[in-house]
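Observations on chain architecture
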There are 2 protein chains.
Amino acid sequence: MRATVIHGAGDIRFEERPDPRIQSPADAVVRVLRSCVCGSDLWAYRGVQPTPAPHPIGHEFIGIVEDIGAEVSTLRAGDFVISPFTDSDGTCAHCRNGITTSCVNFGFWGHTTASGELLDGGQGEYVRVPFADGTLVKVPEMPDAALYPHLLTLADVLGTGHHAARSGDVTEGSTVVVVGDGAVGLCAILAAKRLGAERIIAMSRHDDRQRLARAFGATDVVAERGEQGIAVVQELLGGIGADSVLECVGTKESMAQALGSVRPGGQLGFVGVPAGAPELPMPVLFKNNVRVAGGMAPVRPYIDELLPDVLSGAIEPGLVFDLAMPLDQVSDAYAAMDERRAIKVLLEP
Amino acid sequence: MRATVIHGAGDIRFEERPDPRIQSPADAVVRVLRSCVCGSDLWAYRGVQPTPAPHPIGHEFIGIVEDIGAEVSTLRAGDFVISPFTDSDGTCAHCRNGITTSCVNFGFWGHTTASGELLDGGQGEYVRVPFADGTLVKVPEMPDAALYPHLLTLADVLGTGHHAARSGDVTEGSTVVVVGDGAVGLCAILAAKRLGAERIIAMSRHDDRQRLARAFGATDVVAERGEQGIAVVQELLGGIGADSVLECVGTKESMAQALGSVRPGGQLGFVGVPAGAPELPMPVLFKNNVRVAGGMAPVRPYIDELLPDVLSGAIEPGLVFDLAMPLDQVSDAYAAMDERRAIKVLLEP
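Analysis parameters
Residues numbered from 1 in each chain as written. Chains lettered and ligands numbered in written order. Predicted model: local features only at pLDDT ≥ 70, side-chain atom pairs only at ≥ 80, totals over all residues. Heavy atoms only, no water. UniProt positions renumbered as here; feature names shortened; annotations may be inferred. Phe/Tyr/Trp six-rings, centres within 6.5 Å; stacked < 30°, edge-to-face > 60°. Helix = DSSP H or I, 4+ residues; strand = E, 2+ residues; numbered from the N terminus. Buried < 20%, exposed > 50% of the residue type's maximum accessible area, 1.4 Å probe, protein only. Arc of directions from axis to C-beta. Contact = heavy atoms within 4.5 Å. Expected span 1.5 Å × (residues − 1). Buried area = accessible area lost by both parts, 1.4 Å probe. Salt bridge = Lys/Arg side-chain N within 4 Å of Asp/Glu carboxyl O. Polar contact = N/O pair within 3.5 Å; in protein donor to acceptor, adjacent residues only side chain to side chain. Nonpolar A, V, L, I, M, F, W, Y, C, P; charged D, E, K, R; others polar. Core = buried A, V, L, I, M, F, W, Y, C linked by side-chain atoms within 4.5 Å.

Chain A goes by Zinc-dependent alcohol dehydrogenase family protein in an unreviewed UniProt entry, where it is assigned to Mycolicibacter acidiphilus. Of the comments in the UniProt record for chain A, the one headed Cofactor (unreviewed entry) reads "Zn(2+)". Among the UniProt annotations of chain A, the heading Sequence similarities (unreviewed entry) holds the following wording: "Belongs to the zinc-containing alcohol dehydrogenase family."

Here you go:
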């Protein structure tokens, strides 16, 4: 098959890789129908994260089950499936607690697992999925292709935005500030709206993202940043601060914005991968009783919760894809995201 | 009147102070029946926290209302009242959100408020209480003196231990680790038991405190600390970690113990006043989805929740007082706590 491999900073190649086949009785092999590029893929692309050796890349995909191992019981060939961005067995204590990202058999697509197994990447023609029963979610009926982009967001960005909203304790009537206007931040707006937030302030400086933020439910948009950004948000909220702040960036600056926006006793939900040493100063948390939760989103259980609203069209998270390209032009897709010509690029076979 | 004044490190004096009188229509004057020494009072006593000028001290007291201002509507002279360790108006947005410690009219006994008013300390014969309706809780009927120690814990340590348990999301069936065996840690054990925790591991090295920990509901006691302490706790919990960890110390070491004991997706409730730069490393929280909440306990609303169980005798938090002394020997009471001859000293008129 052909699949995307990163060889180093700026060096993305679509090349020949071994055809996946069932290796363990719990495996499935999936033919990829849609995949995409994630903001986090850009770290390696930009060289912020080193790539000591070439490896497959991409962690979001939907597709059709081609083959299953003898022990797979919830899937059969021909099923339409959504894969979370992590592999999990579904049976360990952490999976039973709903934290599939801490699974004892955790795997991240395109990377080597703790047991030394290199997993396929999502930006390829096929993916072998270990622990297929625990990992993959079957869509009950074969969906229309128009739904593919929306379903693909369940692999990561919608689930991650939803994790921000759940971690931020968004509920009916909440006032919410969302820091970050990437695909995850935008999905966090959508998720907050879905959970009943009354007021949603989006921090965004880009016209196209501001428009999508409003379409997803933002009631206010604040373009300012830093001290000025905090001042504008506090003025909008009467100096009290927000019930919930959803941090979807992961930098020192975005965390400072989040801490400056949350009210005493409020909840800070964070899903931005920490980069550049963001800080949670204990004295500030202590004085203001700010609650903090979040992390790598356990997307697997969230798919069950969110899928019905995607299938019914109640939410349209796939609008975060503002560019679609053929999979074999994946290198150009990375460039488009890197140059901010696209919020998120959909990859089609 | 006579009241306790700290003049500097190791210099606690019981001396003449002006008799409190009603100064604002929202004031009450309370005759103190019982007060006590708090672990946090020792910071100034030990010189860890500087005392640039002498000031009254003590922030836990129960007593009888002697006089009220014209606007006080929920109290009258002769009422038996419990005072939280902070003064709050009960009407601002933060008080309405239940975070009375962030009240716009916040005051801490013995200290100067934001508006420049020096408040009386709790270790005295009388205390003037601003915002009396917002601050004081009336006990419906005049309690027996045997209940005084238990009622006094509602001023701080029981409410603070309960805040640790609530912040740590302790619920029916939880596995809990409590870090810290001071009066607050012991009350956190009691609070966790009251909320239905199934297993409570107390970290304690002192015989007397271990006994009280077990009496309050601890099912296991771990005397080890540091890496060894984490290893023993993890072994007790099958390597999974605790649902809830209650951090009741506030040091770098205690926070490291807490982070090493909590399970992925678990909740860390902290009430230890941060000292010595305890750290919440974002990458660890992110990877394990550890939730963190806590801070200065908003004791005022908790009194309503806990008072019935204290009055009925269902819980006996006053057992944390293992020494009682006359108020005029307060200097010796500080020394007894400083030298760890007592867990907590009760002061009687």
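**Here's the deal with the packing of aromatic side chains**
Evaluated as defined, the whole model comprises ten aromatic pairs over all chains. Arranged with centres 6.3 Å apart and planes meeting at 85°, the rings of A:Phe85 and A:Phe108 form a pair that is edge-to-face. Of this pair, A:Phe85 sits in the loop between strand 6 (80-83) and strand 7 (86-87) while A:Phe108 sits in strand 8 (residues 107-108); the two residues are 23 residues apart in sequence, bridging distant segments of the chain. Owing to a relative accessible area of 7%, A:Phe85 belongs among the buried residues under this scheme. Summarising the aromatic geometry, the rings of B:Phe61 and B:Trp109 are spaced 5.5 Å apart at their centres and angled 70° between planes, so their arrangement reads as edge-to-face. Here the residue B:Phe61 occupies a position in strand 5 (residues 61-68), and B:Trp109 occupies one in the loop between strand 8 (107-108) and strand 9 (126-129), the gap between them amounting to 48 residues. In this structure B:Phe61 comes out as buried when scored by relative accessible area, which is 1%.

**Some thoughts on helix 8 (residues 226-236) of chain B**
All names here are of chain B. Residues Gly229, Ile230, Val233 and Gln234 constitute the buried set of helix 8. One face of helix 8 carries all of its buried residues, which in axial projection span an arc of 130°. Exposed side chains of helix 8 directed beyond 90 degrees from the buried face belong to Glu227 and Glu235. Of the surrounding elements, those touching the buried residues of helix 8 are strand 11 (175-179), strand 12 (199-203), strand 13 (220-222) and helix 9 (252-261).

**Thoughts on helix 6 (residues 183-194) of chain A**
All names here are of chain A. Under the 1.5 Å per step criterion, the end-to-end length of helix 6 is 16 Å for twelve residues, consistent within 8% with the ideal 16 Å. Taking burial as the measure, the twelve residues of helix 6 include ten buried ones, the bulk of the element. Inspection of helix 6 places Ala183, Val184, Gly185, Leu186, Cys187, Ala188, Ile189, Leu190, Ala191 and Ala192 among the buried residues, and these make up the whole buried set. Packing partners of the buried residues in helix 6 comprise helix 5 (157-167), strand 11 (175-179), strand 12 (199-203), helix 7 (207-216) and strand 14 (242-247). Positive backbone phi, at 100°, marks glycine 196, one or two positions downstream of helix 6.

**Some remarks on the interface of chain A and chain B**
Taken together, the contacts link 36 residues of chain A with 36 residues of chain B. Considering only the surface of chain A that becomes buried against chain B, A:Met282, A:Phe286 and A:Asn289 emerge as the three largest contributors, covering 27% of it. At the boundary of chain A and chain B, one finds zero salt bridges. Applying the counting criterion to the chain A and chain B interface returns seven residue pairs in polar contact (both at pLDDT 80 or more). Of all elements in the fold, only helix 2 (93-96), helix 5, strand 15 (262-270), helix 10 (282-288) and strand 16 (291-294) of chain A reach the threshold of two or more residues within the side of chain A that touches chain B. Top element by residues in the side of chain A that touches chain B is helix 10 of chain A. It accounts for six residues. Per-class residue counts for the side of chain A that touches chain B are 20 nonpolar, 13 polar and three charged.

**Side note on the pattern of salt bridges**
Residue and element names in this part refer to chain A. Summed over all chains, the structure comprises 38 salt bridges over all chains. As a salt-bridge pair, arginine 263 and aspartate 243 come within 2.7 Å of each other at their nearest N and O atoms. You can see arginine 263 sitting in strand 15 and its partner aspartate 243 sitting in strand 14, a full 20 residues away along the chain. Arginine 263 gets classed as buried once you look at its relative accessible area, which sits at 12%. Overall, the relative accessible area of 23% leaves aspartate 243 in the partly exposed class.

**Some remarks on the nonpolar core**
If you look at the biggest cluster of nonpolar residues, it comprises 152 residues, and the most contacted ones within it are A:Leu246 and B:Leu246. Setting aside residues up to four positions removed in sequence, B:Leu246 forms contacts with B:Ala164, B:Ala165, B:Gly168, B:Val170, B:Val176, B:Val177, B:Val178, B:Val179, B:Ala188, B:Ala192 and B:Gly269.

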